[in-house]
2 protein chains.
Amino acid sequence: MALDHAILVSLLEKPGSGYELARRFERSIGYFWTATHQQIYRVLGRMVADGLLLVREVEQQGRPDKKEYSVAGPGRAALAAWLHKPIEPESLRHDLAVKIRGAAFDDPAALIDEVERHRQAHRDRLAHYLAGELRDFTGPDAPAPQDAGQELQHVVLRGGIAYERMTIAWLDDVLATLHRLEAAGPGA
Amino acid sequence: MALDHAILVSLLEKPGSGYELARRFERSIGYFWTATHQQIYRVLGRMVADGLLLVREVEQQGRPDKKEYSVAGPGRAALAAWLHKPIEPESLRHDLAVKIRGAAFDDPAALIDEVERHRQAHRDRLAHYLAGELRDFTGPDAPAPQDAGQELQHVVLRGGIAYERMTIAWLDDVLATLHRLEAAGPGA
DNA sequence: TCCTTCTATGCAACTCGTTGCATAGACAAG
DNA sequence: CTTGTCTATGCAACGAGTTGCATAGAAGGA
C-alpha cells in the first residue's frame with residue numbers, strides 16, 4: 001500500500017486537505033504516483049482511524065470549509081519503517097507496448113495516429129516538467145538549494161524529465177518502424 | 001482490462017497453457033506487463049466462458065497434462081476493437097521515487113544501499129534484454145527479419161532497453177545526490 | 001524412501017484502484 | 001435567477017491485482 005506512504009511524504013512536505021492532495025497528485029507527486037480523490041479520501045479516513053494522521057477543521061472565507069490533515073507521530077514512524085524496508089524494483093505496465101505487438105495481427109499503419117498522440121502527450125508533460133524545474137530549481141527566481149528535501153525533489157524531477165525524453169525518443173523509433181512497415185506494403 | 005489483451009496478443013503469437021503464459025509474462029511480455037499465475041488462470045477461465053478463447057486438453061509425457069489455449073474468432077475481433085480504440089498515456093508508479101522524497105524526513109544516506117540494489121537489478125535486466133536482442137534480432141544466428149511481428153517485437157524490446165539504460169543513468173544521478181548530501185553533513 | 005524441484009492448475013480472501021453518482025458552499029456570468 | 005465553474009467531501013458498486021494456501025504428476029538426488 002504505497003499510496004499511504006506517498007500521502008505521508010506529501011503531508012510531511014506540507015499539510016493539506018484531501019482536495020489539495022488530489023491536486024498535488026496531478027502534479028508533483030503525480031510525476032511518479034497517481035490517485036483519484038475518492039481513493040485519497042478513503043485512505044485518509046483509514047489513516048486517521050489508525051492514528052497515523054491528525055485532522056483539523058479549517059474555516060475558510062470565499063470557499064467551503066476543509067479538513068486539514070497532518071502527520072502524527074505514529075505516521076512518521078510508519079514512514080521511517082517503510083523507508084528502511086527493501087522494496088522490489090518495479091515492473092512496467094505499458095498498454096501501448098501491448099498494442100504495438102498486437103498490431104502485427106491487425107494493420108500496423110493504423111497505429112500511427114495513436115502513437116503520435118501519445119508522443120505529443122509526452123512532449124507536453126516534458127515541457128511541463130522543464131517549466132517546473134526552471135521555476136523551482138534552476139531558474140533565476142528559484143530559491144537557493146538549502147535543504148536535503150529540495151535536492152531530493154529535484155533529483156526525482158530529473159528522473160521524470162529523463163523518462164519523458166527517453167519515451168519520446170522511443171516513440172520516434174516506433175513511428176519510424178511503423179512507417180517502414182507501411183512502405184514495405186500492407187500484408188507483407 | 002489490459003491483461004485480457006496482453007493474453008490475446010501472446011496467444012496469437014503462440015498458443016500455450018496458463019503455465020506457459022505465466023512464464024512468458026516473466027520474460028518477453030513481462031518487459032511491459034506483469035501477471036501472476038493465479039490472475040492468468042482466472043482470466044483464462046473467464047475468456048473461455050466468454051468465447052474469446054478455445055481450450056484443448058493436451059497429454060504430455062514426462063510431465064503433467066496441460067490445457068492449451070488459443071484465440072477464437074471473437075477473441076481476435078475483441079483485440080482488433082481494442083487496437084482501434086484510443087487509450088490514455090500511462091502514468092508511472094514508482095515506489096522508489098516516493099522513498100527518495102521521503103528520505104528528506106529520515107536519513108538520506110540510509111537509502112544508498114537500497115538504490116544500489118535497484119541499480120544492480122536494472123543492470124541485470126538490461127543484460128538480459130541485450131542477450132535476447134542478440135539472440136533473436138541482431139546476432140549472427142538471428143532469423144532474418146521477414147514479418148511485421150518480428151519488427152514490432154524488436155521495437156518493443158528496444159523500448160525496454162532504452163528504459164533500463166535511462167533508469168540506470170538516473171539511479172547514478174540519485175546516488176551522486178545522496179553521496180553529496182551525506183558529505184554535506186547529516187542534518188544539514 | 002524421502003525430499004526437493006519443476007510442471008501444472010486452481011480456490012478463497014483480501015486489498016487496491018476505478019467509475020458513477022451525490023451533495024454542497026461560494027462566486028461569476030448571462 | 002439559473003447555469004456553470006471551482007472548491008470540497010463522500011458513498012456504493014465493481015473490477016483488477018495480490019497473497020496465502022492446496023493439490024498433484026513426474027523426475028532426480030540424498
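Just so it is clear, the model here is predicted, and its values are computed rather than measured. (Residues numbered from 1 in each chain as written. Chains lettered and ligands numbered in written order. Predicted model: local features only at pLDDT ≥ 70, side-chain atom pairs only at ≥ 80, totals over all residues. Heavy atoms only, no water.)

### Details of the overall build of chain A
Stated formally: Where helices and strands are cited, they refer to DSSP runs of H or I of at least four residues and of E of at least two residues respectively, numbered from the N terminus. The globule rule is 2.2 Å times the number of residues to the power 0.38, and the radius of gyration it is compared with is taken over C-alpha atoms. Residue exposure (1.4 Å probe, protein chains only): buried if accessible area is under 20% of the type maximum, exposed if over 50%, otherwise partly exposed.
Check the secondary structure of chain A and you find seven helices and two strands. Against the compact-globule benchmark of 16 Å for 188 residues, chain A has a radius of gyration of 21 Å, which places it well outside the compact range. Principal-axis analysis of the C-alpha atoms gives chain A an extent of 65 × 45 × 40 Å. Across the 188 residues in chain A, those meeting the buried criterion constitute 49%.

### Some thoughts on the protein's contact with DNA strand C
Quick note on the threshold: Being near a molecule or strand, for a residue, means having at least one of its heavy atoms within 4 Å of it. For the purposes of these results, a polar contact is taken to be a pair of N or O atoms within 3.5 Å, where, inside protein, one atom must be able to donate a hydrogen and its partner to accept one; residues adjacent in sequence count only when each atom of the pair is a side-chain atom. Throughout, the ten residues Ala, Val, Leu, Ile, Met, Phe, Trp, Tyr, Cys and Pro are labelled nonpolar, Asp, Glu, Lys and Arg are labelled charged, and all others, Gly among them, are labelled polar.
As a structural note, the neighbourhood of DNA strand C is formed by 23 residues, with Met1(A), Arg42(A), Tyr41(B), Gln60(B) and Lys67(B) the closest of them. Protein-proximal atoms of DNA strand C, defined as those within 4 Å of the protein, fall in sugar or phosphate at a share of 62%. Within the contact set of DNA strand C, a phosphate oxygen lies 3.3 Å away from a side-chain nitrogen or oxygen of Arg23(B). In this structure, a phosphate oxygen belonging to DNA strand C sits 2.8 Å away from a side-chain N or O atom of Tyr41(B). If you list the elements that add at least two residues to the surface near DNA strand C, you get helix H3 (37–49) of chain A together with helix H2 (18–24), helix H3 (37–49) and strand S2 (66–71) of chain B. Along the lines of polarity and charge, the residues of the surface near DNA strand C split into five nonpolar, eight polar and ten charged.

### Observations regarding the interface of chain B and chain A
As a reminder of what qualifies: Whether two residues are in contact is decided by their heavy atoms, any of which lying within 4.5 Å being enough. Values labelled buried area give the accessible surface lost by two parts on being combined, using a 1.4 Å probe and summing over both. Definition used for salt bridges: Asp or Glu carboxyl oxygen within 4 Å of a side-chain nitrogen of Lys or Arg.
Across the contact, 66 residues belong to chain B and 66 residues belong to chain A. Note on chain B versus chain A: buried area summed over both sides is about 6800 Å², and carbon and sulfur give 65% of it. Our enumeration of links across chain B and chain A arrives at six salt bridges. Here Arg101(B) and Glu13(A) are joined by a salt bridge, their closest N and O atoms 2.8 Å apart. Mapped onto the side of chain B that touches chain A, the elements with two or more residues apiece are helix H1 (2–13), helix H4 (73–83), helix H5 (95–102), helix H6 (112–138) and helix H7 (148–183) of chain B. Partitioned by chemical class, the residues of the side of chain B that touches chain A number 36 nonpolar, 13 polar and 17 charged.

### Notes on the protein's contact with DNA strand D
Within the structure, DNA strand D sits among 23 residues, and Tyr19(A), Gln60(A), Lys67(A), Met1(B) and Arg42(B) are positioned closest to it. The protein-proximal atoms of DNA strand D, defined as those within 4 Å of the protein, are 63% sugar or phosphate. Arg23(A) places a polar side-chain atom, nitrogen or oxygen, 3.4 Å from a phosphate oxygen of DNA strand D. With respect to DNA strand D, the side chain of His37(A) contributes an N or O atom lying 3.2 Å from a base oxygen. Broken down by class, the residue content of the surface near DNA strand D amounts to five nonpolar, eight polar and ten charged.

### Quick word on the pattern of salt bridges
All names here are of chain A. Applying the stated criterion to the full structure yields 22 salt bridges over all chains. Here Lys-66 makes a salt bridge to Glu-20, at a shortest N to O gap of 2.8 Å. Of the two residues, Lys-66 sits in strand S2 (residues 66–71) while Glu-20 sits in helix H2 (residues 18–24), which places them 46 residues apart along the sequence. Residue classification places Lys-66 among the buried residues on the basis of a relative accessible area of 16%. One salt bridge in this structure joins Arg-56 and Glu-68, with 2.9 Å as the shortest N-O distance.

### Regarding the relation of the copies chain B and chain A
Convention followed: When the copies are overlaid, the least-squares fit takes in C-alpha atoms only where the residue has pLDDT of at least 70 in both copies.
Between the two copies, chain B and chain A, the superposition gives an RMSD of 0.1 Å; the rotation angle is 180° and the shift along the axis is 0.0 Å. The relationship between the two copies is best expressed as a two-fold rotation axis. Taking C-alpha positions as the reference, the residue of chain B nearest the rotation axis is Met166(B), at 3.4 Å. Comparing contact sets, 100% of the residues at the interface of chain B also lie at the interface in chain A, consistent with an isologous, same-surface contact.

### So, the side chain of Glu164(B)
Within the element layout of this structure, Glu164(B) appears in helix H7. Not counting chain neighbours up to four residues away, the residues in contact with Glu164(B) comprise His122(B), Arg125(B), Leu126(B) and Tyr129(B).

### Focus on the UniProt feature "domain: Transcription regulator PadR C-terminal" (unreviewed entry) in chain A
The test is simple: UniProt positions are given in the numbering used here, feature names are shortened, and annotations may be inferred rather than shown by experiment.
UniProt records the feature "domain: Transcription regulator PadR C-terminal" (unreviewed entry) for residues 92–178 of chain A in the present numbering. Each end of residues 92–178 of chain A is marked by a C-alpha atom, and these two atoms are 23 Å apart; helix forms 76% of the span and strand 0%.

### Topic: the layout of surface pockets
In plain terms, the rule: Throughout, the protein atoms alone are placed on a 1 Å grid, and a set of points is a cavity if a 1.4 Å probe fits but cannot get out or a pocket if it is open with protein on both sides within 12 Å along at least five of seven lines; lining residues have an atom within 4 Å of a point. Grid points are joined across faces, edges and corners, and a volume is the space filled by probe spheres set on the points. Boundaries between domains were set according to an automatic or database domain assignment.
By volume, the largest pocket is sized at about 810 Å³. Looking at the largest pocket, it is lined by 31 residues, and the ones nearest its centre are Lys14(B), Glu20(B), Arg23(B), Arg24(B) and Arg27(B). Those elements that provide at least two residues to the lining of the largest pocket are H1, H2, S2, H6 and H7 of chain B. Across the lining of the largest pocket, the residue classes tally to nine nonpolar, eight polar and 14 charged. The residue makeup of the lining of the largest pocket includes at least three contributed by each of domain 1 (1–86) and domain 2 (93–182) of chain B. Considered as a void within the structure, the second largest pocket measures approximately 560 Å³ in volume. Arg24(A), Arg27(A), Ser28(A), Gln153(A) and Arg101(B) are, among the 22 residues lining the second largest pocket, the residues nearest its centre. Those elements that provide at least two residues to the lining of the second largest pocket are helix H1 (2–13), H2, S2, helix H6 (112–138) and helix H7 (148–183) of chain A.

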